[in-house]
Amino acid sequence: MFDLVIRNGTVVTASDVTQCDIGIRGERIVMLGESLPAGRDEIDAAGLYVMPGGIDSHVHLAQPSGDGIVMADGFESGTRSALMGGNTTVLPFCLQQKGQTLREALTAYHALAEGNCLTDVSFHLIITDPTAGVLGQEIPALVEDGYTSLKVFMTYEGMRLHDNEILATLDAARTSGALVMVHCENEDAIRFLIGKHEEAGDVSPLAHATTRPVAAEREATHRALSLAEIVDVPIVIVHVSNREAMEEIDRARKRGVKVFGETCPQYLMLTADDLDREGWEGAKFVCSPPPRDEASKAACWQGLEQGIFDLYSSDHCPFRFDDPAGKLNDKGKTSFRWIPNGIPGVETRLPILFSEGVMKGRIDLSRFVALTSTNHAKLYGLYPRKGTIAVGSDADVTLWDPKAHRTIHNADLHHGADYTPYEGLEVQGWPVSVILRGRVMVKDGVLAADPGSGTYLRRKRSRS
Ligand code: URP
Ligand code: ZN
Ligand code: ZN
């Protein structure tokens with residue numbers, strides 16, 4: 001007998017859309033077919049889309065963010081918010097502080113996550129201090145232990161790596177089989193522009209966007225791709241915001257570089273005009289790279305439709321707005337330079353793409369699943385355990401009501417931020433029930449599980 005049968009739904013994977021039932025025993029899918037026998041529990045999914053649970057592979061939780069600044073989500077609120085938005089797995093970052101070993105950093109993050117998660121989780125390692133020990137010993141050993149992805153920054157003082165350090169990290173990744181995510185913005189150009197703007201007394205949130213121009217992202221994207229080409233290793237260009245960076249990815253692919261592209265809701269839905277809202281309201285939209293213009297939004301949509309992008313992630317990096325530990329900290333009120341970078345979005349990622357992408361006919365259902373779940377699982381070593389609906393896979397399933405109309409209001413969300421950048425946005429389609437490894441976590445929009453239901457995932461190497 002099955003423990004759970006999901007009946008009468010339209011099952012969507014990255015390759016197919018079919019009418020069938022799903023039989024679940026324990027944590028796994030054990031049968032797909034028509035008119036399956038009864039289960040101990042049953043869900044009638046008539047009129048609903050039955051999709052693999054969302055996997056958000058770019059999420060920041062409980063990450064130290066500078067003097068007195070506190071991220072608005074730890075593992076409990078962050079994964080609750082993710083779950084309520086239709087996700088069953090998130091991949092947050094484990095930030096190596098300078099002078100710290102990666103093992104020390106991991107010990108701290110595991111302690112924060114342990115017993116608190118409502119989705120499954122796994123960490124990417126942010127490398128800020130690529131010492132000989134980190135590159136020669138820790139990375140190879142940690143990849144064997146299932147930490148199979150790294151992130152490096154080309155911007156942010158104190159976090160950015162110089163080209164020689166990026167090359168050495170890429171080389172260590174190549175030897176050990178890790179996949180490297182790269183944040184591409186030219187730090188020196190940005191510092192130069194920040195100095196100029198501050199000198200001229202232009203300190204408003206909008207100056208965050210003007211001091212991080214497309215050229216700074218395009219140049220760094222080109223450089224990252226060239227460094228990866230020199231080392232001959234695949235990379236992921238994360239949070240791409242505009243056409244020129246997309247063209248760099250396209251050109252690199254055409255000359256044989258293995259590169260994966262990621263974009264995020266903010267580059268599809270927001271523009272720099274949002275940073276120019278009344279007073280300091282614009283601080284709510286400060287993230288890096290910044291949202292650009294209408295043409296860039298259109299380009300990013302095209303990139304999702306036409307395959308430049310493999311991944312659609314939230315880059316959830318939440319800070320409270322009206323809070324001395326958030327966007328409007330004492331220094332944040334004096335210059336854009338001190339406004340913490342990042343916006344919340346883990347709960348709204350999927351409804352936005354479903355509504356603006358699927359319901360508006362820009363992408364089909366299978367592409368939606370590929371962009372929000374399957375490709376993340378494949379790229380980050382979780383497939384086929386995660387990211388699909390197949391016999392033997394974890395029973396991670398989200399039921400979507402394509403007829404549900406909602407208006408996004410922060411009051412209805414579950415993150416720790418006191419705002420959403422998408423306040424008032426009307427969407428069609430909502431994830432109504434979420435099942436994690438066979439357990440019904442959200443039932444008809446109501447949370448039905450406790451923190452600690454999520455588990456840590458040891459990952460394989462990328463299937464890139
Ligand atoms: O502004 C952003 N994106 N903050 C999060 C950190 C990052 O660069 O991904
Ligand atoms: Zn980044
Ligand atoms: Zn990020």
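Coordinates for the structure precede this section.
Presented here is an overview of the structure given in this document.

Cut-offs and rules
By convention here, each chain's residues receive numbers from 1 onward along its written sequence. For this description, chains carry letters from A and ligands carry numbers from 1, given in the order in which they are written. Residue-level local features of this predicted model are given only where pLDDT is at least 70; pairs of side-chain atoms are given and counted only at 80 or more, and the full residue set underlies all totals for whole chains, interfaces and linings. Side-chain metrics rest on all non-hydrogen atoms present in the structure, leaving aside hydrogens and water. Excluding water, the donors of a metal are its N, O and S neighbours within 2.8 Å, or within 3.2 Å for Na, K and Ca, and that exclusion means sites may look incomplete. Irregular is the default label, applied whenever a site is not tetrahedral (four donors, all angles between 85 and 135 degrees) and neither square planar nor octahedral (four or six donors, opposite donors over 155 degrees apart, all other angles between 65 and 115). Helix numbers and strand numbers start at the N terminus; a helix is a DSSP run of H or I with at least 4 residues, a strand a run of E with at least 2. Exposure categories follow from relative accessible area, calculated using a 1.4 Å probe and restricted to protein chains: below 20% of the type maximum is buried, above 50% is exposed, and the middle band is partly exposed. Two residues form a contact once any of their heavy atoms are found within 4.5 Å. Nearness of a residue to a molecule or strand requires only that one of the residue's heavy atoms be within 4 Å of it. In protein, a polar contact requires one atom able to donate a hydrogen and another able to accept it; more generally it is a pair of N or O atoms within 3.5 Å, and residues adjacent in sequence count only if both atoms are side-chain atoms. A 1.4 Å probe and the Shrake-Rupley method give the accessible areas. Residues count as covered only by the protein chains that appear here. Definitions used throughout: a 1 Å grid over protein atoms alone; a cavity as a set of points that fits a 1.4 Å probe which cannot get out; a pocket as an open set with protein on both sides within 12 Å along at least five of seven lines; a lining residue as one with an atom within 4 Å of a point. For a molecule to be placed in a cavity or pocket, more than half of its atoms must lie within 2 Å of the grid points of that cavity or pocket. Put simply, Ala, Val, Leu, Ile, Met, Phe, Trp, Tyr, Cys and Pro go in the nonpolar bin, Asp, Glu, Lys and Arg in the charged bin, and everything else, Gly too, in the polar bin. Two strands pair if DSSP finds at least two bridges between them. Note on geometry: axes are C-alpha line fits, over the in-contact stretch for helices, and angles between N-to-C directions span 0 to 180 degrees. Put simply, a disulfide is two cysteine sulfurs that come within 2.5 Å.

The subject of this paragraph is the coordination of the zinc ion (ligand 3). For the zinc ion (ligand 3), the full set of protein donor atoms is His-58 (NE2), His-60 (NE2) and Asp-315 (OD), and the range of their distances to it is 2.0 to 2.1 Å. Coordination at the zinc ion (ligand 3) comes from 4 donor atoms whose angles at the metal span 90 to 123°, giving a geometry best classed as tetrahedral. For the zinc ion (ligand 3), the donor residues sit on a single chain with the sequence spacing H-x1-H-x254-D.

What follows deals with the coordination of the zinc ion (ligand 2). Looking at the metal site, the zinc ion (ligand 2) is ligated by Lys-151 (NZ), His-183 (ND1) and His-239 (NE2), spaced 2.1 to 2.2 Å from it. Written as a sequence motif, the donor residues of the zinc ion (ligand 2) are K-x31-H-x55-H. Here the zinc ion (ligand 2) and the zinc ion (ligand 3) are spaced 3.9 Å apart. Placement of Lys-151 in strand β12 (residues 149-153) and of His-183 in strand β13 (residues 179-183) is noted, with a sequence separation of 32 residues between them. Residue Lys-151 is classed as buried on the basis of its relative accessible area, which comes to 1%.

Structurally, Met-269 can be placed in helix α9 (residues 265-269). Taking the C-alpha atoms as reference points, Met-269 and Leu-425, separated by 156 residues in sequence, lie 9.9 Å from one another. For Met-269, the contacting residues outside a window of four places in its chain are Lys-297, Trp-301, Ile-352, Glu-356, Tyr-422 and Leu-425.

What follows concerns the site of ligand 1. Close contacts around ligand 1 come from 13 residues, with His-60, Lys-151, His-183, Ser-288 and Asp-315 the closest. In this structure, an oxygen atom belonging to ligand 1 sits 3.1 Å away from a side-chain N or O atom of His-60. Ser-288 places a main-chain nitrogen or oxygen 2.7 Å from an oxygen atom of ligand 1. In isolation ligand 1 exposes 260 Å². Once the protein is present, 96% of that is buried. Because more than half of its atoms lie within 2 Å of the grid, ligand 1 is assigned to the largest pocket. Class assignment of the residues belonging to the shell around ligand 1 gives a composition of 4 nonpolar, 7 polar and 2 charged.

Two modes of strand pairing occur in sheets, parallel and antiparallel, and in both the strands are linked by backbone hydrogen bonds. The sheet built from 4 strands is open, its strands ordered β5-β4-β1-β6 with mixed pairing. Only two strands of the sheet have a single partner each, and these edge strands are β5 (28-33) and β6 (39-44). Adjacent strand axes in the sheet meet at a mean angle of 20° when their direction is disregarded. Two strands pair when backbone bridges link them, and strand β4 (residues 21-25) and β5 are joined in this way by 5 bridges, in the antiparallel orientation. Bridge pairing links Ile-24 to Ile-29 in β5.

We now examine the state of the cysteines. Counting across every chain of the model gives 0 disulfides. Looking at the unpaired Cys-264, the closest cysteine sulfur is the one in Cys-287, lying at 8.2 Å. In this structure Cys-300 is not part of a disulfide, and its nearest cysteine sulfur, from Cys-264, lies 9.0 Å away.

Let us now look at the sheet that holds strand β7 (residues 49-52). Across the sheet, which stays open at both edges, the 7 strands sit in the order β3-β2-β7-β17-β18-β19-β20 with mixed pairing between neighbours. Taken across any chain shown, the strands that pair with only one partner, and hence form the sheet edges, are β3 (17-19) and β20 (446-447). Taken strand by strand, helix α12 (residues 365-379) contacts β2 (10-12), β3, β7 and β17 (397-407), and its axis lies near 30° from that of β7.

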